[in-house]
Protein chains: 2
Amino acid sequence: MSASRPAAAVRVPIELGERSYEILIGERVLDDPASYDGLPRAASAMVVSNPTVSALYGARLHAMLEGRFARVLHVDMPDGEAHKDWASLDRIFDALLAQACDRKSVLFALGGGVVGDVAGFAAACYMRGVPFVQVPTTLLAQVDSSVGGKTAINHPRGKNMIGAFHQPLRVIADLGVLDTLPERELGAGLAEVIKYGPIADAAFLDWVESHLDALLARDKAALAHAVRRSCELKAAVVGADERESGLRAILNYGHTFGHAIEAALGYGEWLHGEAVGCGMVMAADLSARLGLVPQAFVERMRRLVARARLPVAAPASIGAGRFVELMRVDKKAEGGEIRFVLIEAPGRAVQRAAPDALVRQTIAACSA
Amino acid sequence: MSASRPAAAVRVPIELGERSYEILIGERVLDDPASYDGLPRAASAMVVSNPTVSALYGARLHAMLEGRFARVLHVDMPDGEAHKDWASLDRIFDALLAQACDRKSVLFALGGGVVGDVAGFAAACYMRGVPFVQVPTTLLAQVDSSVGGKTAINHPRGKNMIGAFHQPLRVIADLGVLDTLPERELGAGLAEVIKYGPIADAAFLDWVESHLDALLARDKAALAHAVRRSCELKAAVVGADERESGLRAILNYGHTFGHAIEAALGYGEWLHGEAVGCGMVMAADLSARLGLVPQAFVERMRRLVARARLPVAAPASIGAGRFVELMRVDKKAEGGEIRFVLIEAPGRAVQRAAPDALVRQTIAACSA
């Protein structure tokens, strides 16, 4: 850590009435006291993290919190999607109760999407709701899971099935922490960056295509733009539909296929972003089979996903029958009908059902 | 069941903006098709109950739902406060997922406070929130736990520590079902009825004193007034403070002491209403020690609670030290300070801290 003052953060406002908040994006925002201005004064702060991230960044976050809270507590949950479960949630509740944390206590989620989702859901439920701050340390969490207030744990029968909408007070997205991110997780985060172009911004899809090498090289200027634009696009969608009654569903592009892959393989076998990457190719393929986009768009998606070092084919071992069945129990299904997020043109998504035969053709064409 | 048409229900509106709903109160509202008018059309209804209540009233509720929903599913959880836990919650999630219930599914909580709290919390979390209807079958649930949207499960370290605010679409409070309520549970419900007078309505306290024998005899006219007025008083408080930032806390009169008794004995040993009954006497005693009310008010509360066949003394075996410690981890505590709901005059409550020495005097004076 250098002693120089961090550069001013980019601030992306999320407009949700009295639940509005800001995303601070920048290279050293974690160490900038200004990043913590205006947070509530409370007796206790509880940092929720995992052992890997704690070792890397725990001390830096604690240093910033120690002047602001009488007690700065800490609980680590095991790393990985497989631990996005009740046991991890209960570990947080147990730590909060063992330390007699009251309902003004502030939780800080320091980690990736799993930590953010579990800590956020813990904050939503502890004493029926305490405030929390997201400090996302993966690209995926910075561009996706830390924005929009969705929190959840997995259930053995389905991903993200148990959860709540609970908005953070703030998101502190430090681009510097991405330097320690494993290659595979960087790619998984890029899947969600890639997602925003096809569903909402054709120009951003072009930009991602021309800057993918810079992003893979962790160029800070490229990352800053990618994170900012992803958050802006997600914020616009979430602001229009906080509780996911309609429009917000387009953010699930690639997720219906992706969740089925994750569920079939067992959560954690593929990273979420890897499944989404493959799922976007499959959803593009289904869009083409329905005549919405030309085959060239499918190839464009496949090429971009592959360049991000993400899988473009689902494991053939899943089998079409089980694949379809897993999609049917997904949250997006209604009355047993699977609602796919499909692309009509770069930058424009639509949600609709599809004939079973075409879905099976897509599964066959996109499995290996 | 007679074939005659049920009498028109009393309707108590709960004004909460877009989350507003009605409580229907009457002798046969469970069997009145009009009670179900306007509920959303959905593919699936899931009735959550327990084996005792299911055997008594399950068929009647199913009969009303079967014309309205394509599938009417059912899951029973074990009876009793000891089962207000994650295992019961997960049983509901498992039933919903095993039947591929989507996020438009409507849950019906058929039972007492435990079923209502657990089913309500399940509805709050399943797929991040599905609608639910309360069909309370105990007096306690009709006058208290089905009104106001508080849902929760217990944690080994504390009661109602994990939960959510989730308003029902409607409450269907059938007075006829109270005929099968065990004596002890009737008394427990009366504790909450007794509560509303001291905190919010001196005239209602007078009314309860003069009609307690009729209420104990399950006179329907007396019950109708008691349930209606209790709901009205609670509705006024909840409407002014949905998320319990201030005023709503007065509804916890008797609960700080009561929760400590429940926690010390192990949940389910005393019924919640029994602990609240004793807790109200203790809170009145503490109010007198602080000079807020005369000793005569304490005796008035003690007499009324005793007439309702509720305990008026805590088990001496708890010990003052443990008693205070348990109150300190209660949700109402803030920064380690216990906030008591105290009475200033019949019909007027205040929330404040109290010197430790006086609290210990109250515990000593009200234990046996």
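Residues numbered from 1 in each chain as written. Chains lettered and ligands numbered in written order. Predicted model: local features only at pLDDT ≥ 70, side-chain atom pairs only at ≥ 80, totals over all residues.

**Regarding the pairing of strand E2 (residues 21–26) of chain A**
All names here are of chain A.
Then step 1. Where strand E1 (residues 10–14) lies against E2, five bridges are found, and the strand directions are antiparallel. Of the residues in E2, the one forming a bridge with Val-10 is Ile-25.
Then step 2. The hairpin formed by E1 and E2 contains six residues between the paired strands, and Gly-17 there has a positive phi angle of roughly 60°.
Then step 3. Of the strand pairs in this sheet, E2 and strand E9 (residues 170–174) are connected by five bridges, and their pairing is parallel. Paired with Glu-22 across the two strands is Arg-170, which belongs to E9. (Pairing = 2+ DSSP bridges. Helix = DSSP H or I, 4+ residues; strand = E, 2+ residues; numbered from the N terminus.)

**Some thoughts on the domain arrangement of chain A**
All names here are of chain A.
Then step 1. Per the domain assignment, the segments of chain A are domain 1 (10–180) and domain 2 (183–365).
Then step 2. For domain 1 and domain 2, the distance between their C-alpha centroids amounts to 25 Å.
Then step 3. Taken residue by residue, the interface counts 31 residues in domain 1 and 32 residues in domain 2.
Then step 4. Contributions of two or more residues to the side of domain 1 that touches domain 2 are made by E1, E2, helix H4 (139–145) and strand E8 (158–165).
Then step 5. Classifying every residue of the side of domain 1 that touches domain 2 gives 16 nonpolar, eight polar and seven charged. (Domains from an automatic or database assignment. Contact = placed C-beta atoms within 7 Å. Nonpolar A, V, L, I, M, F, W, Y, C, P; charged D, E, K, R; others polar.)

**Quick look at the sheet that holds strand E4 (residues 71–76) of chain A**
Residue and element names in this part refer to chain A.
Then step 1. The sheet built from seven strands is open, its strands ordered E1-E2-E9-E6-E5-E3-E4 with mixed pairing. Looking along the sheet, the strands with just one partner apiece sit at the ends: E1 and E4. With strand direction ignored, the average angle separating the axes of adjacent strands in the sheet is 20°.
Then step 2. The sheet contact formed by strand E5 (residues 106–111) and strand E6 (residues 132–136) spans five bridges and is parallel. Residue pairing for E6: Leu-107 is matched across the bridge by Phe-132.
Then step 3. In the packing of helix H1 (residues 51–65) onto the sheet, contacts are made with strand E3 (44–49), E4, E5 and E6, and the angle to E3 comes to roughly 160°. (Axes fitted to C-alpha atoms, helices over the stretch in contact; angles between N-to-C directions.)

**Regarding the interface of chain A and chain B**
Then step 1. The interface is formed by 32 residues belonging to chain A together with 32 residues belonging to chain B.
Then step 2. Elements with a contribution of two residues or more to the side of chain A that touches chain B: helix H2 (86–98), helix H3 (113–125), strand E7 (150–155) and E8 of chain A.
Then step 3. It is E8 of chain A that contributes the most residues to the side of chain A that touches chain B, six residues altogether.
Then step 4. Residue composition of the side of chain A that touches chain B, by class: 17 nonpolar, five polar and ten charged.

**A word on the relation of the copies chain A and chain B**
Then step 1. Of the transformation placing chain A onto chain B, the axial shift is 0.0 Å and the rotation is 180°, giving an RMSD of 0.0 Å. What we have between these two chains is a two-fold relation.
Then step 2. Taken together, the interface assignments show that 100% of the residues at the interface of chain A recur at the interface of chain B, consistent with an identical surface on both copies. (Least-squares fit on C-alpha atoms with pLDDT ≥ 70 in both.)

**Some remarks on unusual backbone geometry**
Then step 1. Its identity is not glycine, yet Arg-218 of chain A carries a phi of approximately 60°, on the positive side.
Then step 2. Of note, Arg-218 of chain A is situated in the loop between helix H6 (202–216) and helix H7 (220–240).
Then step 3. On the neighbour-count criterion, Arg-218 of chain A (15 C-beta atoms within 10 Å) is partly exposed.
Then step 4. Residues other than glycine seldom take positive phi values, yet Met-127 of chain B does so here, at roughly 50°.
Then step 5. Relative to the elements of secondary structure, Met-127 of chain B occurs in the loop between helix H3 (113–125) and strand E6 (132–136).
Then step 6. Classification of Met-127 of chain B as buried rests on a count of 24 C-beta atoms within 10 Å. (Buried ≥ 20, exposed ≤ 12 C-beta atoms within 10 Å, placed from the backbone.)

**Concerning the nonpolar core**
Then step 1. If you look at the biggest cluster of nonpolar residues, it comprises 243 residues, and the most contacted ones within it are Val-48 and Ala-122 of chain A together with Val-48 and Ala-122 of chain B.
Then step 2. Those residues in contact with Val-48 of chain B, other than ones at most four positions away along the chain, are Val-75, Met-77, Ile-92, Leu-107, Phe-108, Ala-109, Leu-110, Val-115, Ala-119 and Ala-122 of chain B. (Core = buried A, V, L, I, M, F, W, Y, C linked by C-beta atoms within 7 Å.)

**Quick notes on the environment of Ile-25 of chain B**
Residues and elements named next belong to chain B.
Then step 1. Checked against the element boundaries, Ile-25 lands in strand E2 (residues 21–26).
Then step 2. Classification of Ile-25 as buried rests on a count of 23 C-beta atoms within 10 Å.
Then step 3. When the C-alpha positions of Ile-25 and Gly-187 are compared, they lie 20 Å apart, and in sequence the two are 162 residues distant.
Then step 4. Beyond its immediate chain neighbours, meaning those up to four positions away, Ile-25 contacts Ala-9, Val-10, Val-12, Ala-173, Leu-175, Ala-224, Val-227 and Arg-228.

**A few points about H7 of chain A**
Then step 1. The first and last C-alpha atoms of H7 of chain A sit 30 Å apart over 21 residues, in line with the 30 Å expected at 1.5 Å per residue.
Then step 2. Those residues of H7 of chain A lying buried are Leu-223, Ala-226, Val-227, Arg-229, Ser-230, Cys-231, Leu-233, Lys-234, Val-237 and Val-238 of chain A. (Expected span 1.5 Å × (residues − 1).)

**Quick look at the packing of helix H11 (residues 320–328) of chain A against helix H12 (residues 356–365) of chain A**
The geometry of a pair of packed helices is captured by two quantities: the angle between their axes and the separation between those axes.
Residue and element names in this part refer to chain A.
Then step 1. Taken N-terminus to C-terminus, the directions of H11 and H12 make an angle of 115°; their axes are 10 Å apart at the nearest point. Note on packing geometry: the crossing formed by H11 with H12 is right-handed. When H11 is examined against H12, the residues Ala-320, Phe-323 and Val-324 are found in contact with a partner set consisting of Asp-356, Val-359, Arg-360, Ile-363 and Ala-364.
Then step 2. By residue class, the composition of the contact of H11 with H12 is six nonpolar, no polar and two charged. (Left-handed = near helix turned anticlockwise from the far one by under 90°.)

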